[in-house]
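# Remarks on the overall topology
The lines below spell out each chain.
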Amino acid sequence: MRWGPAGIPMEFKGNTAEAIGYTASEGLNAFECEFVKGVKMRHEMAVEARKIAEKNGVSLSAHAPYWINCAAMERAKIDATIRNIMETTRIAEVLGARIIVFHPGFYMGRSPEETAKLVKKTLEDVLGRMKQEGIKNVWLGLETTGKGAQFGSLSENIELSHSLDRTRTVVDFAHIHARGGGKLKKKGDYLGIFTEMENKLGREAVMNFHSHFSEVAWNEKGERYHMILGEQYSPPFKPLAEVIAENGYEGTIISESPLLDVDALKMKRMYEEAAKNNR
Ligand SMILES: [Zn+2]
């Protein structure tokens, strides 16, 4: 299993490359580079970050900008979406990041089927450009979304990642929980997610999964804030740790809690405890 923060830990003062070294020294082995407000990293920094990640055995991923909408109404917004995804894939290729994560889009009054078609068309365009530019090592990660107005339920993402090349479903547990009105409570609830992935996408999907975890505050529209682990919110992490340990699933869990690295370490320890009890 791999564990790491979504971006530079709050208490750390320094650049991305230094932060990767710092999180490795804490005992973590994954790091998601956050480009949620645009790709501003210089090429040299990406090269340096890659070097430090490789030296310390940290696997990198990247989060593409928030404003991406693969089903936007206006052509100009689709073009901007393609540009933003491409910029993220280019820097990810330099970083050696194996997956870029993004929220696929919004329904904006259209049916799930129609929205899926539009998202697919945009991503086919992106995949064509990646091929043209020789970007060979990066996968597109469709994140499960946290609001009812957003395209990207677990089933929708599984369906799309099944029908597109080099595309994976990224499970954000907090989002699935918030969107489902707090539905992740027990082991069976988590097992259902992995089972759906494995049934439709094959064993590989659960032996090399990429995911986000944090507790979350939500209302009837879905997610509101990512919260600190173990305060008073949910979903609970322990049953997830147990499901992963018991079924031998493998992958990466990125902590999106406000305490990025601290909670990543907490999750790692809880998982190790569950794995020990399972031996
Ligand atoms: Zn997320």
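Summary of the structure given here. All values reported here derive from a predicted model rather than from experimental measurement. (Residues numbered from 1 in each chain as written. Predicted model: local features only at pLDDT ≥ 70, side-chain atom pairs only at ≥ 80, totals over all residues. Heavy atoms only, no water.)

### Concerning unusual backbone geometry
Phi at M108 is positive, roughly 45°, even though this residue is not glycine. Here M108 shows up in the loop between β5 (105–106) and α4 (112–133). Its relative accessible area of 38% is what places M108 among the partly exposed residues. (Helix = DSSP H or I, 4+ residues; strand = E, 2+ residues; numbered from the N terminus. Buried < 20%, exposed > 50% of the residue type's maximum accessible area, 1.4 Å probe, protein only.)

### Quick word on helix α10 (residues 260–278)
The terminal C-alpha atoms of α10 lie 27 Å apart, and with 19 residues this matches the ideal 27 Å at 1.5 Å per residue to within 8%. Where α10 is buried, its residues touch β1 (2–5), α1 (16–26), β9 (209–213), α9 (238–247) and β12 (251–255). (Expected span 1.5 Å × (residues − 1). Contact = heavy atoms within 4.5 Å.)

### A closer look at the pairing of β12
Residues in a regular strand project their side chains so that they alternate between the two faces of the sheet. For β12, the buried fraction is high: five of the five residues fall into the buried class. Going residue by residue along β12, you find G251, I253 and S255 tucked away on one face and T252 and I254 tucked away on the opposite face as well. Here five bridges tie β9 to β12, and the two strands are oriented parallel to one another. Note that in β12 the partner of F213 across the bridge is S255. (Pairing = 2+ DSSP bridges.)

### A word on the sheet that holds β1
Read from one edge to the other, the open sheet built from eight strands follows the order β1-β12-β9-β8-β6-β4-β3-β2, with strand pairing classed as parallel. Two strands bound the open sheet, and with one partner strand each, they are β1 and β2 (30–34). With strand direction ignored, the average angle separating the axes of adjacent strands in the sheet is 30°. Bridge count for strand β4 (residues 99–102) against strand β6 (residues 139–143) is four bridges, and the pairing is parallel. Residue I99 lies in a different strand from β6, and its bridge partner there is W139. Relative to the sheet, helix α7 (residues 187–201) contacts β8 (167–172) and β9, its axis offset from that of β8 by approximately 175°. (Axes fitted to C-alpha atoms, helices over the stretch in contact; angles between N-to-C directions.)

### Thoughts on the pairing of β6
The buried fraction of β6 is high, at four of five residues. For β6 and β8, the ladder comprises four bridges, and the chain directions are parallel. By the bridge assignment for β8, L140 is matched with T167.

### With respect to the coordination of the zinc ion
Around the zinc ion, the protein supplies E143 (OE), D172 (OD), H212 (ND1) and E256 (OE) as donor atoms, at distances of 2.0 to 2.3 Å. Each donor residue of the zinc ion lies on one chain, and together they are spaced E-x28-D-x39-H-x43-E. Taken together, the residues span a long stretch of sequence, with D172 in strand β8 and H212 in strand β9 at a distance of 40 residues. Here D172 and H212 have matching classes, each one buried. (Donors = N, O, S within 2.8 Å, 3.2 Å for Na, K, Ca; no water.)

### Brief notes about the pattern of salt bridges
Scanning all chains against the criterion turns up 14 salt bridges. One salt bridge in this structure joins K51 and E48, with 3.8 Å as the shortest N-O distance. Within this pair, K51 and its partner E48 are both found in helix α2 (residues 43–56), separated by three residues, close to a single helical turn. (Salt bridge = Lys/Arg side-chain N within 4 Å of Asp/Glu carboxyl O.)

### A short note on the environment of A92
Position of A92 among the secondary structure elements: in helix α3 (residues 75–95). On the accessibility criterion, A92 (0% relative accessible area) is buried. Separated by 155 residues in sequence, A92 and N247 place their C-alpha atoms 31 Å apart. Contact partners of A92, with chain neighbours within four places excluded, come to A97, I100 and V138.

### A closer look at a nonpolar patch on the surface
A surface patch of nonpolar side chains, about 280 Å² in accessible area, is lined by M73, F106 and M108. Tracing the backbone shows F106 in strand β5. (Patch = residues over 30% accessible without salt bridge, like charges linked within 9 Å, V, L, I, M, F, W, Y side chains within 5 Å. Areas by Shrake-Rupley, 256 points an atom, 1.4 Å probe, with all protein chains shown as cover.)

### Overview of the packing of aromatic side chains
In this description, a pair of aromatic rings is defined by centroid distance and the angle of the planes. What the rule picks out here adds up to 10 aromatic pairs. A centroid spacing of 5.9 Å and a plane angle of 70° characterise the contact between Y107 and F151, whose relative ring orientation is edge-to-face. With Y107 in the loop between β5 and α4 and F151 in strand β7 (residues 150–151), this residue pair connects regions lying 44 residues apart in the sequence. Exposure class is identical for Y107 and F151. Each is buried. Geometrically, the ring pair formed by F173 and F194 is tilted, given 6.2 Å between the ring centres and 35° between the ring planes. In this pair, F173 sits in helix α6 (residues 173–179) while F194 sits in helix α7, placing the two residues 21 residues apart along the sequence. Of the residues examined, F173 reaches a relative accessible area of 0% and is grouped as buried. Here F194 falls in the buried class, since its relative accessible area comes to 2%. Taken together, W3, F173, Y190, F194, F209, F213, F237, Y249 and Y271 form an aromatic cluster joined through their ring pairs. Between the NZ or CZ atom of R168 and the centre of the ring of W139, over which it lies, the distance is 4.4 Å. (Phe/Tyr/Trp six-rings, centres within 6.5 Å; stacked < 30°, edge-to-face > 60°. Lys NZ or Arg CZ within 6 Å of the ring centre and 35° of its normal.)

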